[in-house]
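Given next are the chains, with one letter for each unit.
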Amino acid sequence: MSHFELPALEFAPDALEPYIDKETMMIHHDKHHQTYVTNLNAALDKHPELKDNSLTDLIAHLDKVPEDIRTAVRNNGGGHYNHCFFWKVLIPGGSNKPTGALAEAIDKQLGGFEKFKEAFTNAATGQFGSGWAWLMVTKQNVLKVTNTPNQDSPLMDGATPLLGLDVWEHAYYLKYQNRRPEYVKNFFNVINWDFVSDVYNKTLDTEAVH
Ligand code: MN
């Protein structure tokens, strides 16, 4: 009854070279991400009554997930969501720049792009052990840079992720070994800011409706 599936990568696994290498991308997507999907489905098989819940329903409302599978859904549902999102914030051929409302908000709320970059880099390098660095919009519609442990997502706190960077060792170890700061620096060469800007615009549209 498994109902979540591994999405195909929208670009070739070597398309982010030299910043993220082909072998890492293949193992990361085909093995690590697949494992989160497999384990999430196995957990949900125990509770058929959850079969119509979307992934975001599940991880944004973990308190409503039965206790016997809550940790499995947190880790593997979070893992599935975060990785689907991560593949979308990556773009082959070089990073573009934040545009429109997002560019303005970064200037106004985070002190400009360079300040944002510094804060995001600190969040990514400063996450002890496995986790993620994020640019997100809080429930109060404020931009914030933060990090989360394991596969936790800003969605679990009611926030909306805009940009995420996987800082688990499986995301960089083959190419960078212990040099996480170099991986983080190079990530800025492959960010799809058009996607990130679009996600931000949607949060503003949602706000306008309320
Ligand atoms: Mn990962």
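On a predicted model such as this, the values are computed, not experimentally measured, just so you know.

**Remarks on the domain arrangement of the protein**
So, step 1. In terms of domains, the protein is made up of domain 1 (22–89) and domain 2 (100–209).
So, step 2. One C-alpha centre belongs to domain 1, the other to domain 2; they are set 20 Å apart.
So, step 3. Taken together, the contact between domain 1 and domain 2 spans 21 residues of the former and 26 residues of the latter.
So, step 4. Buried area between domain 1 and domain 2, both sides added, is near 1,900 Å², and the carbon and sulfur share of it is 65%.
So, step 5. In terms of surface lost to domain 2, no three residues of domain 1 exceed N82, F85 and V89, which account for 31% of the buried area on that side.
So, step 6. There are 1 salt bridge connecting domain 1 and domain 2.
So, step 7. D152 is the salt-bridge partner of R74, the closest N and O atoms lying 2.9 Å from each other.
So, step 8. Where domain 1 packs against domain 2, one counts 9 residue pairs in polar contact (both at pLDDT 80 or more).
So, step 9. Elements that contribute at least two residues to the side of domain 1 that touches domain 2 include exactly helix 1 (22–44), helix 2 (55–60) and helix 3 (67–89).
So, step 10. In terms of residue count, the dominant contributor to the side of domain 1 that touches domain 2 is helix 3 (11 residues).
So, step 11. Residues that form the side of domain 1 that touches domain 2 fall into these classes: 9 nonpolar, 9 polar and 3 charged.

Quick notes on the rules
- Residues numbered from 1 in each chain as written.
- Predicted model: local features only at pLDDT ≥ 70, side-chain atom pairs only at ≥ 80, totals over all residues.
- Heavy atoms only, no water.
- Domains from an automatic or database assignment.
- Contact = heavy atoms within 4.5 Å.
- Buried area = accessible area lost by both parts, 1.4 Å probe.
- Salt bridge = Lys/Arg side-chain N within 4 Å of Asp/Glu carboxyl O.
- Polar contact = N/O pair within 3.5 Å; in protein donor to acceptor, adjacent residues only side chain to side chain.
- Helix = DSSP H or I, 4+ residues; strand = E, 2+ residues; numbered from the N terminus.
- Nonpolar A, V, L, I, M, F, W, Y, C, P; charged D, E, K, R; others polar.

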